[in-house]
Amino acid sequence: MRRVVSMLAPVALLATGACFATHQDVQLLQSDMLEMRAQAAHADSVRSRQLDAVIASLGTVRDSLKTVSARLAKFQGDVRGDLYAMGQQLIQVQELTGQSQQRLQELRGSLEARDRAMGAQQPQQPAAPGDTTTASAASSIPGPNQLFQ
């Protein structure tokens, strides 16, 4: 046991000697802690300014997005209104085209009727000996409008 005590004695002396700090060591430790606190405060203030800048930028972006969104909604409304108006105009054009086609058919019919009436009023010319059927056949053939209808 003596042997163990003699071996542990230097270790015990070292351990007790290491536990004591001088006044200068304490002041050095305090100055290091103050410096670390000052650096942390400076870093916090820099981060705070950066966060404020980011928040301001986000506010600007949000306002820009609101403006763009409002413009886009207005544009969509304008386009929808224009498309509706064009659709209405297209319907009117189709109606007018149908009316024009109907009027053209009526005019063709009246021209054909007039041509038939004029053909019936013309005196029969003496036909060549084998041509009697062509004159009567030409007056009895319906016109294109009658065939279409």
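Definitions and cut-offs
Residues numbered from 1 in each chain as written. Predicted model: local features only at pLDDT ≥ 70, side-chain atom pairs only at ≥ 80, totals over all residues. Heavy atoms only, no water. Helix = DSSP H or I, 4+ residues; strand = E, 2+ residues; numbered from the N terminus. Areas by Shrake-Rupley, 256 points an atom, 1.4 Å probe, with all protein chains shown as cover. Salt bridge = Lys/Arg side-chain N within 4 Å of Asp/Glu carboxyl O. Buried < 20%, exposed > 50% of the residue type's maximum accessible area, 1.4 Å probe, protein only. pLDDT = per-residue confidence, 0-100. Patch = residues over 30% accessible without salt bridge, like charges linked within 9 Å, V, L, I, M, F, W, Y side chains within 5 Å.

Our focus in this paragraph is the overall build of the protein. Tallying secondary structure elements over the protein gives four helices and zero strands in all. Sequence-ordered secondary structure for the protein, helices as α and strands as β, is α-α-α-α. Within the structure as shown, the protein displays about 13500 Å² of accessible surface, and the carbon and sulfur contribution to it stands at 63%.

Here we take up the pattern of salt bridges. Scanning the model with the defined rule gives three salt bridges in all. Ionic pairing is found between Arg-47 and Asp-44, a salt bridge with its closest N-O pair at 3.4 Å. Pair noted here: Arg-47 and Asp-44 are both in helix α2 (residues 23-121), with a separation of three residues, about one helical turn. Overall, Asp-44 belongs to the partly exposed group, its relative accessible area being 47%.

So, about the confidence of the model for the protein. For the protein, the average pLDDT comes to 83, and 73% of its residues sit at 70 or higher. Mean pLDDT values over the elements of the protein span from 53, in helix α3 (residues 132-140), up to 93, in α2.

Side chains of Leu-72, Phe-75, Val-79, Leu-83 and Met-86 sit close together on the surface and give an oily, nonpolar patch of about 490 Å² of accessible area. Note on placement: Phe-75 falls in helix α2. Looking at Phe-75, the relative accessible area reads 53%, which means it is exposed.

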